[in-house]
Amino acid sequence: MAGNSSLTHGPIVKGVVLFALPLLGTYLIQQLYSAVDLLFVGNVLGTRATAALGVGSLLITCLVALFSGIAVGANVRVANLVGAGDAVGVARACQTSLLLGLVGGGALVVAGELLVVPFASWMEIPPDATQDAITYLRFAVAAALPIAVYNTCSGALRGLGDSRSPFTAQLAGGLLNVAANWVALCVLGMGVRGCAVATLFSNAVAAAISATLLMRSAGAAGCRGNRIDGGFARFVVSFGLPIAAQTLAIVLSNVLVQRQVDLLGVEAVAAFAIYLKVELPIYYPILAMGQATMTFVAQNVGAGDRARCVKGIRTCQVVGIVLTVALSATMLGVGHGAFWLFDRNEAVISLGLAMIFTTFPFYFIYAVLEVQADAMRGYGFSLAPAIAVLVNICVLRVVLVLLLGMDGTSVVEITSTYPITWFTAAVSVIACRKALRV
């Protein structure tokens, strides 16, 4: 059976780190997708098209967030089956994961097409950018289908213990995205529509590669033909719904925070936008460690080795904290240069430095939150960590930001709500783990 036995046997640190590294690479490439699109559009088509791209990307993010939980559910359940040594169950789960991606992705495309005009109206896009935004959205929402397929297939592959195949698929799509943008915008002159077509095409290739690799794993496990597992599908959907709601709520709460920042002037807006880029070298490794923790726990739960689960969670937590502290210290040391690369305005740099010195020293708390929450998901509990994150990261943070805004605030005060809500969320998740005895 395809899988990574180092997660159920052998040294824990080596197995987890080797699993997490391709995950980190995948997150970085996904970030480059939007960066490449923005680079081409900004330099070839100008400001109006850039604004349209920003609005369009937000809708797609919301749509994909609705499907994110399905991928996590597939990851956890496939990992359980791998740990239990159920080869036929694994094969059927792989095939069902692909079907869920196709059906769910198709539903997202239909929903996206219906939402294009209302969404553009709600966002109050400047009139001269409205038509470009609608044009981009009409084509770009079609990418929700291959993105959904890629996510579900990648989730199942990671459940097998294979984080390299999703990375390979994403790398191929990322390289193709660069080439497709150049051809569509610079050679064919397709405008903002060309950027959307490039996004669709590159995601379709990534989805096709991940689906092919997953079906090869299903075949290797000894299952031929279309064998759909209804129980697996029900588990994945029910497990994934709280995660999808959490992800969507975080996206929407970030929109509300961004709108509050927009009231503080252009320098604050620029500093906050750059801050969200500068924190990524810390944020993505934490996400990768959380995903590795979840898969590790799920496989060992399937194998019935609870003692290894406990030891693995502790190991992942220590690695996550040490790594985060080291990365935070590094980014604080190069903070001025990092902000200078994006904007040489000293006022913007000064605000940015104040923000990172407010949050980065406490980023290790987020590492605690991520590992603990994903450990719970690995044990099969998705609702409790989702509620903890929703209450603290979404509701409490937005309330704090709005309260600060009533008496006048600064972008530094807004970012101070981040470590506060990381702490309250981490405490809530740890309390849930103790209550559930996992």
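All figures in this text were calculated on a predicted structure; none of them were measured in a lab.

(A) Broad picture of a nonpolar patch on the surface. Judged by side-chain polarity, Leu99, Leu102, Val103, Leu145 and Ile228 come together as a nonpolar surface patch covering roughly 410 Å² of accessible area. For the nonpolar patch, the leading source of residues is helix α3 (residues 87-122), giving 3 residues.

(B) Representation of the packing of aromatic side chains. With the rule as written, the count across this model stands at 11 aromatic pairs. Consider the rings of Tyr283 and Tyr366, whose centres lie 5.9 Å apart with planes at 40 degrees: the pair is tilted. Taken as a pair, Tyr283 in helix α10 (residues 280-302) and Tyr366 in helix α14 (residues 363-379) lie far apart in primary sequence, 83 residues in all. The class of Tyr283 is partly exposed, set by a relative accessible area of 24%. The buried category is assigned to Tyr366, whose relative accessible area is 12%. Aromatic pair Tyr418 and Trp422: ring centres 6.4 Å apart, planes at 90 degrees, arrangement edge-to-face. In this pair, Tyr418 and Trp422 are both assigned in helix α16 (residues 411-436), 4 residues apart and thus about one turn of the helix distant. Owing to a relative accessible area of 6%, Tyr418 belongs among the buried residues under this scheme. A connected cluster of aromatic rings, assembled from ring pairs, spans Tyr27, Phe272, Tyr275, Tyr283, Tyr284, Phe360, Tyr363, Tyr366, Tyr418 and Trp422. We note Arg77 situated over the ring of Phe235; from NZ or CZ to the ring centre the distance is 5.8 Å. One cation-aromatic arrangement involves Arg397 over Tyr418; the distance from NZ or CZ to the ring centre is 4.0 Å.

Rules used throughout
- Residues numbered from 1 in each chain as written.
- Predicted model: local features only at pLDDT ≥ 70, side-chain atom pairs only at ≥ 80, totals over all residues.
- Heavy atoms only, no water.
- Patch = residues over 30% accessible without salt bridge, like charges linked within 9 Å, V, L, I, M, F, W, Y side chains within 5 Å.
- Areas by Shrake-Rupley, 256 points an atom, 1.4 Å probe, with all protein chains shown as cover.
- Salt bridge = Lys/Arg side-chain N within 4 Å of Asp/Glu carboxyl O.
- Helix = DSSP H or I, 4+ residues; strand = E, 2+ residues; numbered from the N terminus.
- Phe/Tyr/Trp six-rings, centres within 6.5 Å; stacked < 30°, edge-to-face > 60°.
- Buried < 20%, exposed > 50% of the residue type's maximum accessible area, 1.4 Å probe, protein only.
- Lys NZ or Arg CZ within 6 Å of the ring centre and 35° of its normal.

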